[in-house]
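Here are the chains, one letter per residue:
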Amino acid sequence: MHKSKLWYISTNSLFMALPDYEQKALASVMQTDKVKKKSRVFTMGDKSDKIYVLKEGSMKLTRLSSDGRELTVDLLEPGDIFGELSIAGEEQRETCAEALEDSLICATGREEFENFICKNPAFSLAITKLIGFRLRRVETRLENLIFHDVYTRLLILFKDLAEKYGEHCAQGSIIKIKLTHQEIANLIGSSRETVTLEVNNLKKNGLICMEGRNYILPDKVC
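## Thoughts on the nonpolar core
Inference 1: In terms of nonpolar packing, the biggest core is built from 25 residues, with Leu 75, Phe 158, Leu 161, Ile 175 and Ile 184 touching the most fellow members.
Inference 2: Counting only elements with at least two residues in this core, the list comes to α5 (150-165), α6 (181-188), α7 (192-204) and β12 (214-218).
Inference 3: Take this core: its biggest share by element is 8 residues, from α5.
Inference 4: The contact partners of Leu 161, leaving out residues within four places of it in the chain, are Leu 75, Gly 166, Ile 175 and Leu 179.
Inference 5: Core analysis: the second largest hydrophobic core is formed by 20 residues, Ile 9, Leu 26, Cys 106 and Phe 116 among them.

Structure (structure tokens):
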């Protein structure tokens, strides 16, 4: 049985800034929805009028170029909030949100969400920090695209994924999220063919290894 909306809110570090009665009030206005794998919650150009919390599953935020190429801006795990730029002045979505697997989300309207922010300065500060953190991640990714080759970008990505999704194992840190070479390519601004080549080079150099479809970073790399 899926956990309640209130459970997800009360155990989320972001919403802990809200008093208990406000957490209950927020849960009461949030709507739960199922999102099938590869389905989109929103796409570029959609009206930006909702804020979402990922309850279960995983999702990615992407941007699309005019010629259809995709760059993954961020990966989301349960508990992550997304669509928050609607409260920072975004009128139309500048990214797409797509499910990497069957997922559950909670959604609330921008006006309802803004009411909670206005009444709770600590919550407002937490949201501001979140937006700033996301912007820094995007800036860091752009710097990596400009200043590093694909081999280095790939290694930086695996370290980042190990920090966010890694679990300790005998060989090092196993990354508990499964990504195709195309999805990895979209994360580092490369092609699938180049990623395949450089993944093999990382394996040869002992910087990554595999367990099934999961990547493992040895302790010397983490």
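Next comes the rest of the description.
## Examining the pattern of salt bridges
Inference 1: Enumeration over the complete set of coordinates arrives at 12 salt bridges.
Inference 2: Taking the shortest distance from any N to any O, the salt bridge between Lys 164 and Asp 80 comes out at 3.7 Å. With Lys 164 in helix α5 and Asp 80 in the loop between β5 (70-76) and β6 (81-82), this residue pair connects regions lying 84 residues apart in the sequence.
Inference 3: The exposure class of Lys 164 is partly exposed, given its relative accessible area of 28%.
Inference 4: Residue classification places Asp 80 among the buried positions, given a relative accessible area of 17%.
Inference 5: Between Arg 137 and Asp 160 there is a salt bridge; the shortest N-O distance is 3.4 Å. Taken together, the residues span a long stretch of sequence, with Arg 137 in helix α4 (residues 121-147) and Asp 160 in helix α5 at a distance of 23 residues.
Inference 6: What makes Asp 160 partly exposed here is its relative accessible area of 25%.
Inference 7: What emerges from the salt-bridge pattern is a single network uniting Asp 74, Asp 80, Glu 84, Arg 134, Arg 137, Asp 160 and Lys 164.

## Remarks on a positive patch on the surface
Inference 1: On the surface, a cluster of positive charge is contributed by Lys 37, Lys 38, Lys 176, Lys 178 and Arg 213.
Inference 2: Looking at the secondary structure, you find Lys 176 in the loop between β10 (172-175) and α6.
Inference 3: According to the relative accessible area criterion, Lys 176 is partly exposed, its value standing at 44%.

## Section: the sheet that holds β10
Two pairing modes exist for strands in a sheet, parallel and antiparallel, and in both the strands are linked by backbone hydrogen bonds.
Inference 1: Reading across the sheet, the 4 strands line up as β9-β10-β12-β11 and stay open at both edges, with antiparallel pairing between neighbours. Two strands in the sheet have a free side with no partner beyond their single neighbour: β9 (166-169) and β11 (209-211). The mean angle between the axes of side-by-side strands here comes to 35°, regardless of whether they run parallel or antiparallel.
Inference 2: Two elements, β9 and β10, share 4 bridges in a ladder whose sense is antiparallel. When the bridges of β10 are listed, Glu 167 appears paired with Ile 174.
Inference 3: Along the sheet face, α5 touches β9, β10 and β12 and points at about 85° away from the line of β10.

Conventions used here
- Residues numbered from 1 in each chain as written.
- Predicted model: local features only at pLDDT ≥ 70, side-chain atom pairs only at ≥ 80, totals over all residues.
- Heavy atoms only, no water.
- Core = buried A, V, L, I, M, F, W, Y, C linked by side-chain atoms within 4.5 Å.
- Buried < 20%, exposed > 50% of the residue type's maximum accessible area, 1.4 Å probe, protein only.
- Helix = DSSP H or I, 4+ residues; strand = E, 2+ residues; numbered from the N terminus.
- Contact = heavy atoms within 4.5 Å.
- Salt bridge = Lys/Arg side-chain N within 4 Å of Asp/Glu carboxyl O.
- Patch = residues over 30% accessible without salt bridge, like charges linked within 9 Å, V, L, I, M, F, W, Y side chains within 5 Å.
- Areas by Shrake-Rupley, 256 points an atom, 1.4 Å probe, with all protein chains shown as cover.
- Lys, Arg positive; Asp, Glu negative; His and termini not counted.
- Charge placed at Lys NZ, Arg CZ, Asp CG, Glu CD.
- Pairing = 2+ DSSP bridges.
- Axes fitted to C-alpha atoms, helices over the stretch in contact; angles between N-to-C directions.

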